[in-house]
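Okay, here's what each chain looks like letter by letter:
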Amino acid sequence: MPSAVPSSPHTAVVPAAATAFRSAIDVVRDVEPRVADAIGAEVEDQRASLKLIASENYASPAVLLTMGNWFSDKYAEGTVGRRFYAGCRNVDTVEALAAEHARELFGAEHAYVQPHSGIDANLVAYWAILSQRVEGPALRRAGVRNVNDLTDGDWAELRRELGDQRLLGMSLDAGGHLTHGFRPNLSGKMFDQRSYGTDPGTGLLDYDALRATAREFRPLVLVAGYSAYPRLVNFRLMREIADEVGATLMVDMAHFAGLVAGKVLTGDFDPVPHAQIVTSTTHKSLRGPRGGLVLCDAELAEHVDRGCPMVLGGPLPHVMAAKAVALAEARRPEFRDYAQRVVDNARALAEGLLRRGVRLVTGGTDNHLVLLDVSGSGLTGRQAEAALLDSGVVTNRNAVPQDPNGAWYTSGVRIGTPALTTRGLGPAEMDEIADLITTVLAATAPTDPGTGRESRARYVLDPQARDAVAKRAADLLTDFPLYPGLDLV
Ligand SMILES: *Cc1c(COP(=O)(O)O)cnc(C)c1O
């Protein structure tokens, strides 16, 4: 398999698609030209930027075009074949197709494709678990089938019980996600939460400490999954720990679903055979439309299927249709090549950075992302992120374990390869990118060190280095056109 492909077949635009996009923008321009202009400008921005944001990607023209149609007008509360609205046969077709592709692709017993985003998928999963493990037993105790049939006293008791459950998730600074029980998110208000983290020496997940916390805390839900952990997670071991303490294992694969779909993460590292319930986004490494999905064991299926109206409003049929298209793309053999290249590229990028003296959390990567610790350059993550952006390199700052600068300024920068891999860049380009990043970091210095909080945002960047890097970044991208064949101006 070639390590680099000359252009990006995934984003290539056939003439019919180019005409469709152009015509659509013309139609919009007749109503509100500023929106039409913004759409055109967005394509140009995406073409011009070296996108290293680990959670972003480029969807195919087929996925994008599937979202703009009459499915958007349809209400379809309920599930396939059991709707609260008439006239849903075509929505049934696309929802059933998306679910079938998801089940087949991931080898899951059940798939629910209605969540509008990753955060919604997690809420559906939490309430499905609460429904199965807390509400169901309460209804059986009371001898009724429906919460509406509970006495006021039993209902008050059930509401207290639902609000009194425990969740154990990965800490934010180890790479966990806000929706894993943190107070600013609804999940943190619903659950009594505790965190597990990584070993301060190695930066790797500390399963022994996790097991000890689980034994003591006895959570109802053990959540695995991350947004900023650059290594593999052993989901077989996670399930063992969950079983030992009577927890339901939920894995949030929002970030790495594409690596699971592309069979790069297999065996102990594939969450689907090990977790009772798995949630995901569809727009990150999976390369589909913005959205979410839930996979689960058969026993949880009826609870998950009540996501609407429990948590969600009416489904977005136009997005479910686009999920079906994206999941069909992910079932093609080319997607496995893509997923492997994503990981190969991340490794090349990590090696290039290490060779140039950058400190990486855990010392490298096994997946699609790399977490730089920039504190050695005397910079905060915020300063590094801004200096890189000035130079045409788009990343995002991220906390590192035990981050002395907190979650706002941070000491880290997170970079990922899914988007640039879709564009066709390979290991040689990753080495060049490592050089661009280290050049910017070396040319950036904090201003007024030690004079208050805002000093953690201010920096000076040598303008010559900035312009040179911006030029090299632009040159790098000219060989890898994004949406070639699409001319909007
Ligand atoms: C991105 C992400 C989410 C949220 O996805 P949205 O579609 O933005 O709601 C949830 N969990 C994890 C681990 C993520 O990385």
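Residues numbered from 1 in each chain as written. Predicted model: local features only at pLDDT ≥ 70, side-chain atom pairs only at ≥ 80, totals over all residues. Heavy atoms only, no water.

> Tell me about the UniProt feature "domain: Serine hydroxymethyltransferase-like" (unreviewed entry) in the protein chain, and name the residues and values.
Sequence positions flagged by UniProt for "domain: Serine hydroxymethyltransferase-like" (unreviewed entry) are, in local numbering, residues 29-132 and 165-437. Here residues 29-132 runs as 56% helix and 9% strand, with 50 Å between its end C-alpha atoms. Helix makes up 41% of residues 165-437 and strand 17%. Its end C-alpha atoms lie 45 Å apart. (UniProt positions renumbered as here; feature names shortened; annotations may be inferred. Helix = DSSP H or I, 4+ residues; strand = E, 2+ residues; numbered from the N terminus.)

> Pulling in residues and values, what's your account of the UniProt feature "binding site: (6S)-5,6,7,8-tetrahydrofolate" (unreviewed entry) in the protein chain?
With numbering aligned to this structure, UniProt lists the feature "binding site: (6S)-5,6,7,8-tetrahydrofolate" (unreviewed entry) at Leu172, Gly176, His177 and Leu178. In this structure, Leu178 sits in the loop between β5 (166-170) and α7 (186-190). Excluding anything up to four places from it in sequence, Leu178 contacts Leu172, Pro184, Asn185 and Ser187. (Contact = heavy atoms within 4.5 Å.)

> How would you sum up unusual backbone geometry? Please name residues and give values.
Residue Cys308 is joined to Pro309 through a cis peptide bond whose omega torsion reads 15°. Relative to the assigned elements, Pro309 resides in helix α12 (residues 307-310). Even without being glycine, Arg218 reaches a positive phi, approximately 50°. Here Arg218 is to be found in the loop between α8 (207-217) and β7 (221-225). Among the residues examined, Arg218 registers a relative accessible area of 41% and is labelled partly exposed. (Buried < 20%, exposed > 50% of the residue type's maximum accessible area, 1.4 Å probe, protein only.)

> Describe the nonpolar core, listing the residues and the values that go with them.
With 58 residues, the main nonpolar core has Phe106, Tyr196, Leu222, Met238, Phe256 and Leu295 as its most contacted residues. Taken domain by domain, the makeup of this core includes at least three residues from each of domain 1 (71-330) and domain 2 (333-477). When residues no more than four places from it in sequence are discounted, the contact partners of Phe106 are Met253, Ala257, Val260, Ala261, Val272, Leu286, Leu295 and Leu327. One finds Ala387, Val413, Ile437 and Leu476 within the second-largest nonpolar core, a separate group that totals 35 residues. (Core = buried A, V, L, I, M, F, W, Y, C linked by side-chain atoms within 4.5 Å. Domains from an automatic or database assignment.)

> Tell me what's going on with a nonpolar patch on the surface, and back it up with residues and numbers.
On the surface, Tyr75, Phe84 and Tyr85 cluster together to form a nonpolar patch covering roughly 370 Å² of accessible area. Checked against the element boundaries, Phe84 lands in the loop between β3 (82-83) and α4 (89-106). A residue is classified by how much of its surface remains accessible, and Phe84, at 66% relative accessible area, is exposed. (Patch = residues over 30% accessible without salt bridge, like charges linked within 9 Å, V, L, I, M, F, W, Y side chains within 5 Å. Areas by Shrake-Rupley, 256 points an atom, 1.4 Å probe, with all protein chains shown as cover. Salt bridge = Lys/Arg side-chain N within 4 Å of Asp/Glu carboxyl O.)

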